[in-house]
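Descriptive analysis of the structure
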Amino acid sequence: MYEFDWSSIPGAMPFLIDGMVLTLKLLLLAVAIGIVWGTLLALARLSRFKLLSAAAGAYVNLFRSVPLILVIFWFYFLVPFILAAITGNAGVSVGAFYSALVAFALFEAAYYCEIMRAGIQSVPRGQLSAAYAVGMTYGQAMRLVILPQAFRNMLPLLLTQSIILFQDTSLVYVISLSDFLGAASKVGTRDGRLAEMYLLAAGVYFAMSFAASSFVKRLQTRYAI
Amino acid sequence: MNYNWDWSVFFREVPSGGATYVDWLLAGLGWTIAVALSAWIIAFSLGSILGVMRTLPNRVLSGIATAYVEIFRNIPLLVQLFIWFYVVPELLPREIGDAIKQMDPTSSQFLTAFLCLGTFTAARVCEQVRAGIGSLGRGQKNAGLAMGLSLPQTYRYVLLPMAFRVVIPPLTSEFLNVFKNSAVALTVGLFELTAQTRQITEYTAQTFEAFIVTTILYLMITMIVIIVMRWVEKRTLVPGYIGGA
């Protein structure tokens, strides 16, 4: 039977905490950008302009059909390439973190779009007519009347999707970023203690996701209409 | 954009000879499909059993199923894969652990990916099946029991035939997820589609061509799955339901 040896964890704590900070930074930025971009996509999908709604639909279907890992790889080489094309300087580099951030934000926006679309459609049509009747423009009606309600109705789903994103950030392992899992993996490889480090990672991810989803469940019952 | 497009790259011979890059892509596609389909068998059967367990009046059984779902849903797939690959062989009795370590690498990578993805997806299937049974309302179960059917008979003849048809649309998206999630198998060294694509870009530097073709292949898998599942949905349509769903 295997002898567990947890002694490499205390010394590696600062490195692991740095990893968790990177994970959370990636998560928060990707959620913020993803929700804004997803909401714009949802508005585009519901637009009267056929071309705009078709383009948004194609975007969502494309991103929902391919694995996240493939998208991470796509942007890992695409971001430097586009930067070089824009700046005309092939030497510009933003690092793996920002290409991962772009990948997550654009990928998750497709999922947030579908949630926000359902949220906007759940607001009764009369609200929009009422907003127009008091003289609001489309932009004002959306910003002041429809979106706040859609956002509130969909808050549990948006949070649940963000918990999934929290778990998915571990995939940056494939581009060798030292997020929490990457850090645990590097420590484990260095000390020959991969089994212990992966069990630790599983425990930490479990505790955080479980706490977050319990919170969402409570929120859901409190805000239930 | 100074990039040299060269679509003929796929028909060039690979450095080790005896094959073209197309063969590599097809081999990768084959592994992706093999992992996904075999994992789906576990996911569907285990998930259905767990889903039924969660709806049973027995506290212990439903508790076990709930614990399973919470564990498998709250740990990232990649971490689960590493635990199957690095930790589980150590925890098994020595003879079995050694046998696994002595397997040829591709077999042990495939076995890991298949078990990991299957048990991971089972938790999701479980939740869908439970929701499907829950959506039928208490009346159906009570009616079955009132007719004199036993609880297993009520499930077998009343609840499950309806529940499975109701949950086909959400199960379709879980089935699609199995194909997409199978890409994580590259982290334990299995040369499925995404890994082969990476390998091709490393050998040829024709990054765009390789990634575009792979993206199209994933889109095609999605389309085929959707078409097949629509057909299944139509065949199992419940008369009198709007759209059968």
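Residues numbered from 1 in each chain as written. Chains lettered and ligands numbered in written order. Predicted model: local features only at pLDDT ≥ 70, side-chain atom pairs only at ≥ 80, totals over all residues.

1. Comments concerning the overall build of chain A
Heads up, the rule is: Put simply, DSSP H or I for four residues or longer makes a helix, DSSP E for two residues or longer makes a strand, and each gets a number counted from the N terminus. Whether a residue is buried, exposed or partly exposed is read from the other C-beta atoms within 10 Å of its own C-beta, which are placed from the backbone; 20 or more gives buried, 12 or fewer gives exposed, and intermediate counts give partly exposed. Throughout, a pair of residues is in contact if the C-beta atoms placed from their backbones lie within 7 Å.
The helix and strand inventory of chain A stands at 8 helices and 0 strands. Along the chain direction, N to C, the helices and strands of chain A fall in the order α-α-α-α-α-α-α-α. Viewed in the frame of its principal axes, chain A has a C-alpha envelope of about 70 × 50 × 25 Å. Every one of the 225 residues in chain A was classed for burial, and the buried ones make up 40%. The long-range share in chain A, meaning contacts at least 24 apart out of those at least 6 apart in sequence, stands at 73%.

2. Looking at the overall build of chain B
Each helix and strand in chain B was counted, giving 10 helices and 0 strands. Start at the N end of chain B and walk to the C end: the helices and strands fall as α-α-α-α-α-α-α-α-α-α. If one aligns the C-alpha atoms of chain B with their principal axes, the spans along those axes are about 70 × 50 × 30 Å. For chain B, the proportion of its 245 residues judged to be buried stands at 36%. Across chain B, contacts joining residues at least 24 apart in sequence account for 75% of those joining residues at least 6 apart.

3. Quick look at the interface of chain A and chain B
Heads up, the condition is: Charged residues are taken to be Asp, Glu, Lys and Arg, nonpolar residues to be Ala, Val, Leu, Ile, Met, Phe, Trp, Tyr, Cys and Pro, and polar residues to be all remaining types, Gly included.
Contacts between chain A and chain B engage 27 residues on the former and 28 residues on the latter. Ranked by residue count, the leading element in the side of chain A that touches chain B is helix H8 (residues 194-223) of chain A, at 11 residues. Classifying every residue of the side of chain A that touches chain B by side-chain character gives 22 nonpolar, 5 polar and no charged.

4. Overview of helix H7 (residues 180-191) of chain A
As a reminder of what qualifies: An expected span of 1.5 Å times one less than the residue number is assigned to each helix.
Relative to the 16 Å expected for 12 residues at 1.5 Å per residue, H7(A) spans 17 Å between its end C-alpha atoms, a close match to the ideal helical length. Regarding H7(A), the residues found buried are Phe180(A), Leu181(A), Gly182(A), Ala183(A), Ala184(A), Ser185(A), Val187(A) and Gly188(A). In the core, the buried residues of H7(A) are packed alongside helix H1 (8-45) and H8 of chain A together with helix H3 (77-91) of chain B.

5. A short note on the nonpolar core
Where we set the bar: Connectivity within a nonpolar core runs through C-beta atoms within 7 Å, and the core itself is a set of buried Ala, Val, Leu, Ile, Met, Phe, Trp, Tyr and Cys residues.
Of all hydrophobic cores here, the largest spans 117 residues; its most connected members are Ile72(A), Ala184(A) and Ala201(A). In terms of residue count, helix H4 (residues 95-121) of chain A provides more of this core than any other element does, 15 residues in total. Not counting the four nearest positions on each side in its chain, Ala201(A) is found in contact with Phe180(A), Leu181(A), Ala184(A) and Val79(B).

6. A word on the packing of H7(A) against H8(A)
Residues and elements named next belong to chain A. Applicable threshold: A fitted line through C-alpha atoms serves as each axis, taken over the contacting stretch for helices, and the angle formed by two N-to-C directions is quoted from 0 to 180°. Working definition: roughly parallel below 35 degrees, roughly antiparallel above 145 degrees, roughly perpendicular at 65 to 115 degrees, and oblique for all remaining angles. Left-handed describes a crossing whose near helix is turned anticlockwise from the far helix through less than a right angle; right-handed describes the clockwise counterpart.
Interhelical geometry of H7 versus H8 gives an angle of 160° and a closest axis separation of 8 Å. As summarised for this structure, H7 and H8 are arranged roughly antiparallel, according to the angle between their axes. Once H7 is placed against H8, the crossing between them reads as right-handed. Contacts between H7 and H8 involve Phe180, Leu181, Ala184, Ser185, Val187, Gly188 and Thr189 from the former and Leu194, Glu196, Met197, Tyr198, Leu200, Ala201 and Val204 from the latter.

7. Here's the deal with unusual backbone geometry
The phi angle at Ser176(A) is positive, at roughly 60°, despite the residue not being glycine. Along the chain, the position of Ser176(A) falls in the loop between helix H6 (138-168) and H7. A tally of 10 C-beta atoms within 10 Å means that Ser176(A) is categorised as exposed. Its identity is not glycine, yet Ala205(B) carries a phi of approximately 65°, on the positive side. Mapped onto the elements of the fold, Ala205(B) is located in the loop between helix H9 (193-204) and helix H10 (207-235).

8. Let's talk about the packing of helix H3 (residues 68-87) of chain A against H10(B)
Interaxial distance between H3(A) and H10(B) falls to 11 Å at its minimum, and their mutual angle equals 155°. Here H10(B) runs roughly antiparallel to H3(A), going by the angle between their axes. Relative to H10(B), the crossing made by H3(A) is left-handed. Seen from H3(A), the contacting residues are Leu70(A), Trp74(A) and Phe77(A); seen from H10(B), they are Thr207(B), Phe211(B), Thr214(B), Thr215(B) and Tyr218(B).

9. Points about the environment of Arg193(A)
Residue and element names in this part refer to chain A. By the element assignment, Arg193 lies in the loop between H7 and H8. With 188 residues separating them in the primary sequence, Arg193 and Asp5 have C-alpha atoms 7.5 Å apart. Ignoring any residue separated from it by four or fewer positions in sequence, one finds Arg193 in contact with Asp5, Ser8 and Gly188.

10. Quick look at the environment of Leu176(B)
Residues and elements named next belong to chain B. Position of Leu176 relative to the elements: it lies in helix H8 (residues 168-181). Once the C-alpha coordinates of Leu176 and Asn4 are considered, the two residues, 172 residues apart in sequence, prove to be 34 Å apart. Leave out the neighbours within four places in its chain, and Leu176 touches Thr222 and Val225.

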